[in-house]
Amino acid sequence: AQSVAQPEDQVNVAEGNPLTVKCTYSVSGNPYLFWYVQYPNRGLQFLLKYITGDNLVKGSYGFEAEFNKSQTSFHLKKPSALVSDSALYFCAVRDIEAGNNRKLIWGLGTSLAVNP
Amino acid sequence: NAGVTQTPKFQVLKTGQSMTLQCAQDMNHNSMYWYRQDPGMGLRLIYYSASEGTTDKGEVPNGYNVSRLNKREFSLRLESAAPSQTSVYFCASSVFQGDSTDTQYFGPGTRLTVL
């Protein structure tokens, strides 16, 4: 069965330090992978996606993610965290088995807290 | 360009009451979705509409109905609300075009409480 796992419920990092939010996936075929961010009391916002090509994908707000096929991972990274990055982060993968019904499989989310 | 809009933003219902959550998008997207978000449960798909004129059940469709009114609008109806339907509801839309990547764009959400 296809799935997405975000192994950490919460990540704490000091402002200015690098941050990593982890995501692993299990799908048949080539994955389409996404990261979204949700600020308090807001809807989800698209950050970046991996479809094909370069394993390092750059997205909004200085975030990037590294696709690793052998480890089936798609970790979100930022070189220097800001307090304003504190939010809930979701990883998702396209549901390939859904065929033409365009659905995403979502992780449960990771709460990122950046401490001043 | 407003993106995805949802109404209302907040709603309190009594058990057994009905209501309709409205969603509209102005991005000419084909596909639309309704999710609910509960603490510790992530996002769960209630219903989706791959294209105008079609709707399909997601993971948690019981107690809900949907209508894809036209390409822009996708409504979610609770016929007889239950406390278990207390949640935050999100509408989303995406392009459905061949092998497109289906980035979903979300509305601001409706916070529903059922007493």
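The structure we're discussing is the one just above.
Anyway, here's the lowdown on the structure attached to this text. Since the structure is predicted, the reported quantities are computational estimates derived from the model, not experimental observations. (Residues numbered from 1 in each chain as written. Chains lettered and ligands numbered in written order. Predicted model: local features only at pLDDT ≥ 70, side-chain atom pairs only at ≥ 80, totals over all residues. Heavy atoms only, no water.)

As a further point, take the environment of B:Arg44. All names here are of chain B. Along the chain, arginine 44 turns up in strand 5 (residues 42-49). Residues arginine 44 and tyrosine 89, 45 residues apart in the sequence, show an inter-C-alpha distance of 9.7 Å. In this structure arginine 44 touches Trp34, Tyr35, Arg36, Asp38, Glu59 and Val60, once residues within four positions along its chain are discounted. Within the structure, arginine 44 has its side chain in polar contact with the side chain of aspartate 38 (distance 2.8 Å). (Helix = DSSP H or I, 4+ residues; strand = E, 2+ residues; numbered from the N terminus. Contact = heavy atoms within 4.5 Å. Polar contact = N/O pair within 3.5 Å; in protein donor to acceptor, adjacent residues only side chain to side chain.)

The next thing to look at is the interface of chain B and chain A. At the junction of the two partners, chain B supplies 25 residues and chain A supplies 21 residues. Buried surface at the junction of chain B and chain A, summed over both partners, amounts to about 1,900 Å²; 52% is from carbon and sulfur atoms. Remark: the boundary between chain B and chain A carries 0 salt bridges. Counting across the chain B and chain A interface gives 5 residue pairs in polar contact (both at pLDDT 80 or more). Of all elements in the fold, only strand 4 (31-38) and strand 5 of chain B reach the threshold of two or more residues within the side of chain B that touches chain A. Across the side of chain B that touches chain A, the residue classes tally to 11 nonpolar, 10 polar and 4 charged. (Buried area = accessible area lost by both parts, 1.4 Å probe. Salt bridge = Lys/Arg side-chain N within 4 Å of Asp/Glu carboxyl O. Nonpolar A, V, L, I, M, F, W, Y, C, P; charged D, E, K, R; others polar.)

It is worth spelling out unusual backbone geometry at this point. Each neighbour pair has its own omega, and for B:Thr7 with B:Pro8 the value is -5°, a cis peptide bond. The backbone of A:Asn41 shows a phi angle near 60°, a positive value even though the residue is not glycine. Counting through the fold element by element, A:Asn41 comes out in the loop between strand 5 (33-38) and strand 6 (44-50). Under the relative-accessibility criterion, A:Asn41 is labelled exposed at 65%. The phi dihedral of A:Tyr61 is positive, around 60°, even though this residue is not glycine. Given a relative accessible area of 46%, A:Tyr61 falls into the partly exposed group. (Buried < 20%, exposed > 50% of the residue type's maximum accessible area, 1.4 Å probe, protein only.)

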